Amino acid sequence: MILVAITIAGTVAILYGPVLSFALTGDSYQWIQHAHLAAHRPALLLADLDTFYRPSTTWTLVTDRLVWGGYDARGYRTTSLALHGIVALALAVAGRRLGLGWIAAAAVGAVWLTSPFTDESAFVVAYRFQPLLLLSWLVLIATWPHNGESWSRSRIVLAAAAVLAAAAAKETWVVTPALVAALEYERSRSWRAILTPVILVGFAVALYLTLYFVAFPTSKSYFELGPHIAAKVPSQLAAFFYLEESVPDGLSLTWKGVVAAVMFMALVVGCVKWRIPGTVVAIVLFVVPSVPTMLVPYMPQRYLSIPYAGFVLVVALWMTGVGVRYPRWQVATRGGCAAAAGLVIVIGSVTVRADLDDHRMMAGAHERLLSEAFDVRGSVLEGAPVAVVRDEQTTPLVEIARSTVGYPKLFFVRQDDPYGLIDAAALFEWVVADEEIHVEHVDDWVRGCEGLSGRLLVHRNGGFVDFGVEGDIATEASRWLSSGRGVRMIQVSP
């Protein structure tokens, strides 16, 4: 175990280490801003961010602020990389609990760790919810008693904590009852025995969903019906088998996807036929995480990290089964497995470094904007409302998406914010970097700021132009808005 942990830590440092010097990107600034506010208003530790209810992300970011300081990008990134390594180690432990030998379990963790299907949450601080959810499920797998084992008080506490941690990680935790059913079925091989734990966790899910839809009554606007529903899982499998490149949007069912699905089903049939322990859990870990996002017409890399863990476990269990089923081939099988794992690790590592180059370009674009905002931060600190106008059409994320070195990427462009990169309030809160100051958006500024004097900051290529104080900032901002410019009204508050 210690050797595996040291190897994982070294791999993370070598493969992912360069990202520590990068500026933060995208939504990370908003999440850190939310954590800043939560550190001073504890009730917000359980609050959502724009209807995304992922409080454990807030908790880890608040912890980062305490450990590293509130405005240290390197500190936030260090924690994200550490979390990535911890999940890989937890996956190895879970694989061991499911019946793999230590070498095979360590190989599973290494393959997952060095895969481009899992690197996005390591590179982007805002996407911690994905590894946090997977870690919760892996702890549940490692905790759940197996055949011949019984429930102890410590196991009950750990399992309950894992379920609660999953609920705090991401909304898609609602499929946890399926994982619980698989775990209990592996333990007892009785459909009747699974009823009690499934009902208990299912009740928690039902309560969660009720409260969630009461708090956030509107549906997610990005859900839609279309051919992507049938293409999503086959596309995942085709990418996992390296039959085709993973694409984040424009999903369609291809013959390679069909072939990949047939190949995976052959592995599943073999595992089930040979009654290999852990098979049902691995299958569920691959299948069910995609169910809540099936209606989403895109598939960014972060959507693949949990299904890939289940996929690698299924492959490892099947390879182990081949060795047990055909003892005379055991030496050849082990050699082939080692060669295959090594090849996948090498291919994955090369692609991860290519993805790193893409994120380096992203970070560079954000660093440029941060520098431009730093030059005018004093204008925001005066306390009056500030209209931040986007008077340029430069979109670095679109340019990067068209020329990626690694896998194709899907970026969210903030149309009303400078360069489409960072939410204006979060941007200036980061460059002001004062623990006692919060920069917030002014709601309904057309009426709320009517007749008030305020400052006008216009962003153009190369920096912000400070137009000074306007007597009626709402009227001036409305004039820019009517001309098609993006406008954000912000103001500092204690």
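Report follows, based on the coordinates.

Criteria and thresholds
- Residues numbered from 1 in each chain as written.
- Predicted model: local features only at pLDDT ≥ 70, side-chain atom pairs only at ≥ 80, totals over all residues.
- Heavy atoms only, no water.
- Helix = DSSP H or I, 4+ residues; strand = E, 2+ residues; numbered from the N terminus.
- Rg over C-alpha atoms; globule rule 2.2 N^0.38 Å.
- Buried < 20%, exposed > 50% of the residue type's maximum accessible area, 1.4 Å probe, protein only.
- Contact = heavy atoms within 4.5 Å.
- Areas by Shrake-Rupley, 256 points an atom, 1.4 Å probe, with all protein chains shown as cover.
- Pairing = 2+ DSSP bridges.
- Axes fitted to C-alpha atoms, helices over the stretch in contact; angles between N-to-C directions.
- 1 Å grid on protein atoms, 1.4 Å probe; cavity = no way out; pocket = protein on both sides within 12 Å on 5 of 7 lines; lining within 4 Å.
- Points joined across faces, edges and corners; volume = space filled by probe spheres on them.
- Phe/Tyr/Trp six-rings, centres within 6.5 Å; stacked < 30°, edge-to-face > 60°.
- Salt bridge = Lys/Arg side-chain N within 4 Å of Asp/Glu carboxyl O.
- Parallel < 35°, antiparallel > 145°, perpendicular 65-115°, else oblique.
- Left-handed = near helix turned anticlockwise from the far one by under 90°.
- Nonpolar A, V, L, I, M, F, W, Y, C, P; charged D, E, K, R; others polar.

Describing the overall build of the chain
Then, number 1: Within the chain, the secondary structure is distributed over 20 helices and five strands.
Then, number 2: The C-alpha atoms of the chain give a radius of gyration of 24 Å, which matches the 23 Å a tight globule of 494 residues would have.
Then, number 3: Principal-axis analysis of the C-alpha atoms places the extent of the chain at approximately 85 × 45 × 45 Å.
Then, number 4: Here the chain holds 494 residues, and 53% of them are scored as buried.
Then, number 5: A separation threshold of at least 6 residues defines the contact pool for the chain, and within that pool the share at least 24 residues apart is 76%.
Then, number 6: Put simply, the chain shows about 21500 Å² of open surface, and 64% of that area lies on carbon and sulfur atoms.

Side note on the pairing of strand S3 (residues 454-460)
Then, number 1: Along S3, six of the seven residues are buried, which leaves the element largely enclosed by surrounding structure.
Then, number 2: Where strand S1 (residues 386-390) and S3 come together, five bridges link them in parallel fashion. Each bridged residue has a counterpart across the sheet, and for valine 389 the counterpart in S3 is valine 458.
Then, number 3: Linkage of S3 to strand S4 (residues 463-470), two consecutive antiparallel strands, is achieved through a turn of two residues, within which glycine 462 is found at a positive phi near 105 degrees.

Side note on the sheet that holds strand S5 (residues 486-493)
One key point about sheets: their strands pair by backbone hydrogen bonds, in either a parallel or an antiparallel sense.
Then, number 1: Reading across the sheet, the five strands line up as S2-S5-S1-S3-S4 and stay open at both edges, with mixed pairing between neighbours. With one partner strand each, in any of the chains shown, strand S2 (438-441) and S4 form the two edges of the open sheet. Across the sheet, the axes of successive neighbouring strands diverge by a mean angle of 25 degrees, strand direction being ignored.
Then, number 2: Note that S3 and S4 share six bridges and pair antiparallel.

Some points on the side chain of glutamate 120
Then, number 1: Here glutamate 120 is to be found in helix H6 (residues 120-123).
Then, number 2: On the basis of relative accessible area, glutamate 120 is assigned to the buried category, the value being 7%.
Then, number 3: Excluding residues that lie within four positions of it along the chain, glutamate 120 makes contacts with Tyr127, Pro300, Gln301 and Arg302.

Quick look at the layout of surface pockets
Then, number 1: Roughly 810 Å³ of internal volume is contained in the second largest pocket.
Then, number 2: Along the wall of the second largest pocket there are 31 residues; nearest its centre are Ala104, Ala316, Met319, Cys337 and Ala341.
Then, number 3: Elements supplying a minimum of two residues to the lining of the second largest pocket: helix H5 (102-113), helix H14 (305-325) and helix H15 (330-374).
Then, number 4: Take the lining of the second largest pocket: its biggest share by element is 10 residues, from H15.

Concerning the packing of aromatic side chains
Geometrically, a pair of aromatic rings is defined through the distance of the ring centres and the angle of the planes.
Then, number 1: Summed over all chains, the structure comprises 24 aromatic pairs.
Then, number 2: A centroid spacing of 4.7 Å and a plane angle of 45 degrees characterise the contact between phenylalanine 264 and phenylalanine 286, whose relative ring orientation is tilted. Placement of the pair is phenylalanine 264 in helix H12 (residues 255-273) and phenylalanine 286 in helix H13 (residues 279-287), with a sequence separation of 22 residues. Across the pair, phenylalanine 286 and phenylalanine 264 agree in class, each one buried.
Then, number 3: The structure contains a cluster of three or more aromatic residues connected by ring pairs, namely Phe117, Phe240, Phe241, Tyr242, Phe264, Phe286, Tyr308, Phe311 and Tyr407.

Describing the pattern of salt bridges
Then, number 1: Applying the stated rule across the entire model yields 20 salt bridges.
Then, number 2: With a closest N to O distance of 3.1 Å, arginine 155 and glutamate 149 form a salt bridge.
Then, number 3: By relative accessible area, glutamate 149 is classed as partly exposed at 28%.
Then, number 4: For arginine 447, the salt bridge is made with aspartate 444, and the minimal N-O distance between the two is 2.7 Å.
Then, number 5: By relative accessible area, arginine 447 is classed as exposed at 63%.
Then, number 6: Residue classification places aspartate 444 among the partly exposed residues on the basis of a relative accessible area of 41%.
Then, number 7: One salt-bridge network, in which partners are shared between bridges, spans Arg97, Glu149 and Arg155.

A few points about empty space enclosed by the protein
Then, number 1: Summed over all chains, the structure comprises three cavities of 30 Å³ or more.
Then, number 2: Of the volumes computed, that of the largest cavity is approximately 70 Å³.
Then, number 3: If you trace the largest cavity, you find it lined by Gln130, Leu133, Lys170, Thr172, Pro289, Ser290, Thr293, Tyr303, Ile306 and Pro307.
Then, number 4: Every element with two or more residues in the lining of the largest cavity is listed here: helix H7 (129-143) and H14.

A word on the environment of isoleucine 347
Then, number 1: Inspection of the secondary structure assignment puts isoleucine 347 in helix H15.
Then, number 2: Here isoleucine 347 falls in the partly exposed class, since its relative accessible area comes to 35%.

Side note on the packing of helix H4 (residues 73-97) against H7
Then, number 1: For the pair H4 and H7, the least separation of the axes is 9 Å and the interaxial angle reads 25 degrees. Between H4 and H7, the angle falls in the class roughly parallel. Here H4 and H7 pass one another in a crossing that is left-handed. Contacts between H4 and H7 pair Leu83, Ile86, Val87, Ala90, Leu91, Val93, Ala94 and Arg97 from the former with Pro131, Leu132, Leu134, Leu135, Leu138, Ile141, Ala142 and Thr143 from the latter.
Then, number 2: Broken down by class, the residue content of the contact of H4 with H7 amounts to 14 nonpolar, one polar and one charged.

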